[in-house]
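Structure at a glance
Below are the chains, spelled out letter by letter.
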Amino acid sequence: MRFHLGESMTAINYYAPLAKAAEAAGYAGFTVPDSLIYPKSSGTKYSYTDDGGREFLENKPFLESFIHVTAMLAATEKLEVTTNVVKLPVRPPLYVAKIVASIEALFDNRFNFGVGLSVWPEDYEVMGVAWEGRGKRFDECIDIVRGLTNGGYFEYHGEFFDLPPVKLNPVPTKPVPILIGGHSDAALKRAARNDGWMFAGGGMDMMLPMLEKLSTYREELGRKDAPFRIFGSAMGGADLDMIRRQEDAGVTDVVASFRNLYAVEEDSQPLQEKIDDLNRFADDIIARY
(Lines give C-alpha, C1' and ligand atoms only; values in the text may rest on other atoms or scores of the structure.)
Protein backbone atom coordinates (compact mmCIF):
# COMPACT_ATOMS: atom_id res chain seq x y z
CA MET A 1 0.00 0.00 0.00
CA ARG A 2 1.20 3.49 -0.88
CA PHE A 3 -0.02 6.59 0.93
CA HIS A 4 -0.56 10.01 -0.65
CA LEU A 5 -1.38 13.38 0.87
CA GLY A 6 -4.54 14.89 -0.58
CA GLU A 7 -4.44 18.51 0.58
CA SER A 8 -6.11 20.96 -1.83
CA MET A 9 -7.90 24.29 -2.03
CA THR A 10 -5.51 25.80 0.48
CA ALA A 11 -3.03 28.69 0.42
CA ILE A 12 -0.82 28.17 -2.62
CA ASN A 13 2.40 28.93 -0.70
CA TYR A 14 1.63 25.92 1.54
CA TYR A 15 2.05 23.31 -1.18
CA ALA A 16 5.85 23.12 -1.44
CA PRO A 17 6.44 22.83 2.34
CA LEU A 18 3.61 20.29 2.60
CA ALA A 19 5.16 18.21 -0.19
CA LYS A 20 8.55 18.30 1.51
CA ALA A 21 7.02 17.37 4.87
CA ALA A 22 5.04 14.51 3.31
CA GLU A 23 8.14 13.13 1.63
CA ALA A 24 10.12 13.33 4.88
CA ALA A 25 7.29 11.57 6.77
CA GLY A 26 7.21 8.59 4.40
CA TYR A 27 4.31 9.36 2.08
CA ALA A 28 4.70 7.96 -1.43
CA GLY A 29 2.92 10.81 -3.15
CA PHE A 30 0.75 13.91 -3.25
CA THR A 31 -2.44 14.42 -5.26
CA VAL A 32 -3.40 17.76 -6.81
CA PRO A 33 -6.82 18.86 -8.10
CA ASP A 34 -7.87 20.46 -11.37
CA SER A 35 -10.33 23.30 -11.90
CA LEU A 36 -10.45 25.66 -14.85
CA ILE A 37 -13.17 28.17 -14.00
CA TYR A 38 -15.96 28.88 -11.57
CA PRO A 39 -19.03 29.91 -13.59
CA LYS A 40 -21.22 32.61 -12.10
CA SER A 41 -24.27 30.42 -12.69
CA SER A 42 -24.74 26.75 -13.50
CA GLY A 43 -27.69 24.40 -13.56
CA THR A 44 -25.44 21.37 -13.05
CA LYS A 45 -25.32 19.49 -9.77
CA TYR A 46 -21.92 18.44 -8.46
CA SER A 47 -21.62 14.66 -8.46
CA TYR A 48 -19.68 14.21 -5.22
CA THR A 49 -21.50 16.33 -2.63
CA ASP A 50 -24.58 15.04 -0.84
CA ASP A 51 -26.79 17.90 -2.01
CA GLY A 52 -25.14 18.48 -5.38
CA GLY A 53 -23.91 21.89 -4.24
CA ARG A 54 -20.87 23.49 -5.85
CA GLU A 55 -20.49 26.46 -3.52
CA PHE A 56 -17.46 24.93 -1.80
CA LEU A 57 -15.47 25.65 -4.97
CA GLU A 58 -16.11 29.38 -5.09
CA ASN A 59 -13.20 31.61 -4.03
CA LYS A 60 -10.92 28.59 -3.55
CA PRO A 61 -7.45 28.84 -5.12
CA PHE A 62 -6.71 26.36 -7.92
CA LEU A 63 -3.35 26.51 -9.62
CA GLU A 64 -3.14 25.36 -13.23
CA SER A 65 -2.66 21.63 -12.74
CA PHE A 66 0.49 21.05 -14.77
CA ILE A 67 2.22 24.08 -13.21
CA HIS A 68 1.14 22.81 -9.79
CA VAL A 69 2.55 19.34 -10.53
CA THR A 70 5.84 20.75 -11.78
CA ALA A 71 6.30 22.90 -8.67
CA MET A 72 5.62 19.95 -6.37
CA LEU A 73 8.02 17.67 -8.20
CA ALA A 74 10.72 20.36 -8.22
CA ALA A 75 10.35 20.75 -4.44
CA THR A 76 10.91 17.03 -3.77
CA GLU A 77 13.24 14.20 -4.74
CA LYS A 78 11.22 10.98 -4.61
CA LEU A 79 7.57 11.96 -4.13
CA GLU A 80 5.07 10.96 -6.82
CA VAL A 81 2.56 13.60 -7.84
CA THR A 82 -0.81 12.58 -9.27
CA THR A 83 -3.49 14.78 -10.81
CA ASN A 84 -6.91 14.09 -9.31
CA VAL A 85 -8.13 14.65 -11.98
CA VAL A 86 -7.30 16.73 -15.09
CA LYS A 87 -10.32 17.48 -17.27
CA LEU A 88 -8.70 16.05 -20.37
CA PRO A 89 -11.37 16.30 -23.11
CA VAL A 90 -11.50 20.12 -22.94
CA ARG A 91 -7.75 20.38 -23.65
CA PRO A 92 -5.85 19.82 -26.94
CA PRO A 93 -4.42 16.29 -26.58
CA LEU A 94 -1.20 16.88 -28.55
CA TYR A 95 -0.32 19.86 -26.38
CA VAL A 96 -1.20 17.88 -23.25
CA ALA A 97 1.04 15.05 -24.43
CA LYS A 98 3.92 17.49 -24.86
CA ILE A 99 3.45 18.82 -21.33
CA VAL A 100 3.11 15.35 -19.79
CA ALA A 101 6.17 14.04 -21.65
CA SER A 102 8.22 17.04 -20.52
CA ILE A 103 7.21 16.64 -16.87
CA GLU A 104 8.00 12.92 -16.86
CA ALA A 105 11.34 13.44 -18.58
CA LEU A 106 12.37 16.23 -16.20
CA PHE A 107 11.38 14.41 -13.02
CA ASP A 108 12.31 10.77 -13.59
CA ASN A 109 8.79 9.44 -14.24
CA ARG A 110 7.34 10.63 -10.91
CA PHE A 111 4.10 11.91 -12.46
CA ASN A 112 0.86 9.90 -12.61
CA PHE A 113 -1.69 11.32 -15.04
CA GLY A 114 -5.13 11.15 -13.42
CA VAL A 115 -7.81 12.25 -15.87
CA GLY A 116 -11.58 12.69 -16.01
CA LEU A 117 -14.41 14.12 -18.05
CA SER A 118 -15.56 17.16 -16.01
CA VAL A 119 -19.15 17.36 -14.81
CA TRP A 120 -19.42 20.99 -15.90
CA PRO A 121 -20.78 21.82 -19.37
CA GLU A 122 -19.37 25.32 -18.81
CA ASP A 123 -15.81 23.93 -18.97
CA TYR A 124 -16.54 22.71 -22.48
CA GLU A 125 -18.31 25.89 -23.53
CA VAL A 126 -15.53 28.29 -22.51
CA MET A 127 -12.87 26.04 -24.08
CA GLY A 128 -14.78 25.88 -27.37
CA VAL A 129 -15.40 22.13 -27.16
CA ALA A 130 -18.75 20.41 -27.71
CA TRP A 131 -20.36 18.78 -24.68
CA GLU A 132 -21.91 16.17 -26.95
CA GLY A 133 -19.64 13.24 -27.75
CA ARG A 134 -17.38 13.99 -24.80
CA GLY A 135 -16.89 10.32 -23.90
CA LYS A 136 -15.59 9.41 -27.35
CA ARG A 137 -13.48 12.56 -27.41
CA PHE A 138 -12.05 11.58 -24.03
CA ASP A 139 -11.04 8.15 -25.33
CA GLU A 140 -9.35 9.69 -28.36
CA CYS A 141 -7.47 12.16 -26.14
CA ILE A 142 -6.19 9.25 -24.03
CA ASP A 143 -5.10 7.36 -27.15
CA ILE A 144 -3.18 10.38 -28.42
CA VAL A 145 -1.47 11.17 -25.13
CA ARG A 146 -0.46 7.54 -24.69
CA GLY A 147 0.70 7.15 -28.29
CA LEU A 148 2.78 10.32 -28.39
CA THR A 149 4.42 9.81 -24.99
CA ASN A 150 5.47 6.27 -25.88
CA GLY A 151 8.08 7.64 -28.30
CA GLY A 152 8.61 7.28 -32.05
CA TYR A 153 6.34 8.49 -34.80
CA PHE A 154 2.64 8.30 -34.02
CA GLU A 155 -0.37 9.03 -36.19
CA TYR A 156 -4.04 9.04 -35.34
CA HIS A 157 -7.24 9.11 -37.37
CA GLY A 158 -10.35 9.30 -35.25
CA GLU A 159 -13.76 10.94 -35.16
CA PHE A 160 -12.50 14.10 -33.43
CA PHE A 161 -8.76 14.19 -34.13
CA ASP A 162 -6.60 13.54 -37.15
CA LEU A 163 -2.83 13.56 -36.76
CA PRO A 164 -0.18 12.86 -39.38
CA PRO A 165 2.88 10.89 -38.23
CA VAL A 166 4.63 13.05 -35.62
CA LYS A 167 6.86 12.45 -32.63
CA LEU A 168 7.83 14.23 -29.43
CA ASN A 169 11.25 14.69 -27.90
CA PRO A 170 11.95 14.20 -25.03
CA VAL A 171 9.65 11.37 -23.98
CA PRO A 172 9.47 9.44 -20.71
CA THR A 173 11.65 6.38 -20.19
CA LYS A 174 8.58 4.50 -18.90
CA PRO A 175 4.94 4.51 -20.06
CA VAL A 176 2.91 7.30 -18.46
CA PRO A 177 0.41 5.85 -15.94
CA ILE A 178 -3.06 7.00 -17.03
CA LEU A 179 -5.57 6.76 -14.19
CA ILE A 180 -9.29 7.40 -14.62
CA GLY A 181 -11.47 9.28 -12.15
CA GLY A 182 -15.24 8.94 -11.89
CA HIS A 183 -17.94 6.75 -10.38
CA SER A 184 -20.12 5.94 -13.41
CA ASP A 185 -20.09 2.59 -15.17
CA ALA A 186 -18.54 4.31 -18.19
CA ALA A 187 -15.71 5.64 -16.01
CA LEU A 188 -15.10 2.20 -14.50
CA LYS A 189 -15.01 0.58 -17.95
CA ARG A 190 -12.60 3.27 -19.15
CA ALA A 191 -10.42 2.69 -16.10
CA ALA A 192 -10.36 -1.05 -16.80
CA ARG A 193 -8.89 -0.30 -20.24
CA ASN A 194 -6.17 1.90 -18.79
CA ASP A 195 -3.74 1.85 -15.85
CA GLY A 196 -5.85 2.57 -12.81
CA TRP A 197 -8.89 4.13 -11.14
CA MET A 198 -9.24 7.01 -8.68
CA PHE A 199 -12.11 6.94 -6.18
CA ALA A 200 -13.53 10.41 -5.70
CA GLY A 201 -14.29 9.92 -2.02
CA GLY A 202 -16.94 8.37 0.17
CA GLY A 203 -17.29 5.36 2.43
CA MET A 204 -16.40 1.73 1.90
CA ASP A 205 -20.06 0.91 1.28
CA MET A 206 -19.94 3.19 -1.74
CA MET A 207 -16.57 2.01 -3.01
CA LEU A 208 -16.94 -1.78 -2.73
CA PRO A 209 -19.66 -2.22 -5.41
CA MET A 210 -17.57 -0.08 -7.77
CA LEU A 211 -14.51 -2.23 -7.15
CA GLU A 212 -16.53 -5.36 -7.91
CA LYS A 213 -17.67 -3.88 -11.23
CA LEU A 214 -14.14 -2.75 -12.01
CA SER A 215 -12.82 -6.26 -11.38
CA THR A 216 -15.47 -7.72 -13.70
CA TYR A 217 -14.65 -5.25 -16.48
CA ARG A 218 -10.93 -5.96 -16.22
CA GLU A 219 -11.58 -9.70 -16.36
CA GLU A 220 -13.79 -9.29 -19.44
CA LEU A 221 -10.95 -7.42 -21.14
CA GLY A 222 -8.40 -10.08 -20.20
CA ARG A 223 -6.52 -7.55 -18.08
CA LYS A 224 -7.04 -9.12 -14.66
CA ASP A 225 -3.31 -9.64 -14.15
CA ALA A 226 -2.08 -6.44 -15.83
CA PRO A 227 -0.44 -3.83 -13.57
CA PHE A 228 -3.21 -1.66 -12.16
CA ARG A 229 -3.46 0.94 -9.42
CA ILE A 230 -6.57 1.78 -7.41
CA PHE A 231 -6.59 5.00 -5.38
CA GLY A 232 -8.85 4.80 -2.35
CA SER A 233 -9.65 7.52 0.15
CA ALA A 234 -9.03 8.27 3.81
CA MET A 235 -10.78 11.61 4.15
CA GLY A 236 -10.62 12.78 7.72
CA GLY A 237 -7.96 10.23 8.49
CA ALA A 238 -8.35 6.47 9.01
CA ASP A 239 -7.48 3.60 11.30
CA LEU A 240 -5.47 0.50 10.40
CA ASP A 241 -8.61 -1.63 10.10
CA MET A 242 -10.02 0.66 7.42
CA ILE A 243 -6.73 0.62 5.52
CA ARG A 244 -6.57 -3.18 5.61
CA ARG A 245 -10.18 -3.44 4.44
CA GLN A 246 -9.31 -1.28 1.46
CA GLU A 247 -6.22 -3.36 0.74
CA ASP A 248 -8.28 -6.58 0.89
CA ALA A 249 -10.67 -5.02 -1.64
CA GLY A 250 -7.82 -4.34 -4.08
CA VAL A 251 -6.85 -0.76 -3.24
CA THR A 252 -3.15 -0.11 -3.89
CA ASP A 253 -2.93 3.58 -2.93
CA VAL A 254 -4.73 5.59 -0.24
CA VAL A 255 -5.17 9.37 -0.42
CA ALA A 256 -5.29 10.87 3.07
CA SER A 257 -6.82 14.26 3.87
CA PHE A 258 -7.48 15.65 7.31
CA ARG A 259 -10.22 18.23 6.88
CA ASN A 260 -13.51 18.55 5.04
CA LEU A 261 -12.46 19.53 1.51
CA TYR A 262 -16.11 20.19 0.62
CA ALA A 263 -16.53 22.88 3.28
CA VAL A 264 -17.89 26.14 1.91
CA GLU A 265 -15.74 28.31 4.17
CA GLU A 266 -12.19 29.08 3.06
CA ASP A 267 -9.40 27.06 4.65
CA SER A 268 -7.94 28.88 7.65
CA GLN A 269 -5.87 26.08 9.16
CA PRO A 270 -2.25 27.17 9.74
CA LEU A 271 0.51 25.40 7.83
CA GLN A 272 2.09 23.95 10.98
CA GLU A 273 -1.19 22.31 11.98
CA LYS A 274 -1.38 20.70 8.55
CA ILE A 275 2.15 19.37 8.95
CA ASP A 276 1.29 18.10 12.42
CA ASP A 277 -1.74 16.26 10.97
CA LEU A 278 0.24 14.57 8.21
CA ASN A 279 2.99 13.59 10.67
CA ARG A 280 0.43 12.16 13.08
CA PHE A 281 -1.05 10.00 10.30
CA ALA A 282 2.46 8.91 9.30
CA ASP A 283 3.21 7.83 12.88
CA ASP A 284 -0.16 6.20 13.57
CA ILE A 285 -0.80 4.54 10.21
CA ILE A 286 2.10 4.56 7.73
CA ALA A 287 4.80 3.51 10.20
CA ARG A 288 2.61 0.83 11.83
CA TYR A 289 1.35 -0.42 8.49
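See the structure shown above.
Here is a short report on the structure shown in this document.

What counts as what
Residues numbered from 1 in each chain as written. Predicted model: local features only at pLDDT ≥ 70, side-chain atom pairs only at ≥ 80, totals over all residues. Heavy atoms only, no water. Helix = DSSP H or I, 4+ residues; strand = E, 2+ residues; numbered from the N terminus. Contact = heavy atoms within 4.5 Å. Buried < 20%, exposed > 50% of the residue type's maximum accessible area, 1.4 Å probe, protein only. Patch = residues over 30% accessible without salt bridge, like charges linked within 9 Å, V, L, I, M, F, W, Y side chains within 5 Å. Areas by Shrake-Rupley, 256 points an atom, 1.4 Å probe, with all protein chains shown as cover. Salt bridge = Lys/Arg side-chain N within 4 Å of Asp/Glu carboxyl O. Lys, Arg positive; Asp, Glu negative; His and termini not counted. Charge placed at Lys NZ, Arg CZ, Asp CG, Glu CD. Pairing = 2+ DSSP bridges. Axes fitted to C-alpha atoms, helices over the stretch in contact; angles between N-to-C directions. Parallel < 35°, antiparallel > 145°, perpendicular 65-115°, else oblique. Left-handed = near helix turned anticlockwise from the far one by under 90°. Nonpolar A, V, L, I, M, F, W, Y, C, P; charged D, E, K, R; others polar. Right-handed = clockwise from strand over helix to strand, strands pointing away. Core = buried A, V, L, I, M, F, W, Y, C linked by side-chain atoms within 4.5 Å. Phe/Tyr/Trp six-rings, centres within 6.5 Å; stacked < 30°, edge-to-face > 60°. Lys NZ or Arg CZ within 6 Å of the ring centre and 35° of its normal.

The topology assignment puts phenylalanine 66 in helix α2 (residues 65-74). It is 7.5 Å that separates the C-alpha atoms of phenylalanine 66 and isoleucine 99, two residues lying 33 residues apart in sequence. Not counting residues up to four positions away in its chain, the partners in contact with phenylalanine 66 are Val86, Arg91, Val96, Ile99, Val100, Ile103, Phe111 and Phe113.

Here we come to the environment of asparagine 13. Within the element layout of this structure, asparagine 13 appears in the loop between β1 (2-5) and α1 (15-25). By relative accessible area, asparagine 13 is classed as exposed at 57%. Spatially, the C-alpha atom of asparagine 13 lies 9.4 Å from that of leucine 271, the residues being 258 residues apart in sequence.

For the rest of this paragraph, the subject is a negative patch on the surface. Taken together, Asp50, Asp51, Glu55 and Glu58 make up a surface patch of like negative charges. Mapped onto the secondary structure, aspartate 51 falls in the loop between β2 (29-32) and α2. Judged by its relative accessible area of 61%, aspartate 51 is exposed.

Turning our eyes to something else, we now look at the pairing of strand β6 (residues 154-157). Side chains Phe154 and Tyr156 project from β6 onto a buried face, and the interleaved Glu155 and His157 project onto a face without burial. Bridging between β6 and strand β7 (residues 162-166) involves three bridges; their strand directions are antiparallel. Residue pairing across strands places phenylalanine 154 opposite valine 166, the latter belonging to β7. Counting the residues between successive antiparallel strands, the hairpin from β6 to β7 contains four residues.

On to the packing of helix α6 (residues 185-193) against helix α7 (residues 204-220). Look at α6 against α7: their axes get within 9 Å of each other, and the N-to-C directions meet at 45°. The angle between α6 and α7 falls in the class oblique. Pair α6 / α7 crosses with right-handed handedness. Contacts between α6 and α7 involve Asp185, Leu188, Lys189, Ala191 and Ala192 from the former and Met210, Lys213, Leu214, Tyr217 and Arg218 from the latter. Counted by class, the contact of α6 with α7 contains six nonpolar, no polar and four charged residues.

This paragraph deals with the pairing of strand β8 (residues 178-181). Burial along β8 is two-sided: Ile178 and Ile180 and Leu179 and Gly181, pointing in opposite directions, are all buried. Alignment of strand β5 (residues 111-116) against β8, held across three bridges, turns out to be parallel. Bridging across to β8, valine 115 finds its partner in isoleucine 180. Here three bridges tie β8 to strand β9 (residues 196-198), and the two strands are oriented parallel to one another. Paired with isoleucine 180 across the bridge in β9 is tryptophan 197. What joins β8 to β9 is α6, and the crossover it makes is right-handed.

Take the nonpolar core next. Membership of the largest hydrophobic core comes to 67 residues, with the highest contact counts inside it found for Tyr27, Phe30, Phe113 and Trp197. Once residues within four sequence positions are removed from consideration, phenylalanine 30 is found in contact with His4, Leu5, Glu7, Tyr15, Leu18, Ala19, Met72, Leu79, Glu80, Val81 and Thr82. Judged by nonpolar contacts, the second largest core, of six residues, contains Met9, Tyr46, Phe56 and Leu57.

This brings us to the packing of aromatic side chains. In the structure shown here, the tally under the stated rule is 10 aromatic pairs. Relative to phenylalanine 30, the ring of tyrosine 15 lies with its centre 6.4 Å away and its plane at 70°, an arrangement referred to as edge-to-face. Of the two residues, tyrosine 15 sits in helix α1 while phenylalanine 30 sits in strand β2, which places them 15 residues apart along the sequence. With respect to class, tyrosine 15 is no different from phenylalanine 30; both count as buried. Both rings, one in tyrosine 27 and one in phenylalanine 281, keep their centres 6.2 Å apart while their planes meet at 25°; by these two values the pair is stacked. In this pair, tyrosine 27 sits in the loop between α1 and β2 while phenylalanine 281 sits in helix α9 (residues 271-286), placing the two residues 254 residues apart along the sequence. For the pair shown, tyrosine 27 and phenylalanine 281 are each scored as buried. Taking NZ or CZ as reference, arginine 134 lies 3.6 Å from the ring centre of tryptophan 131, over its face.

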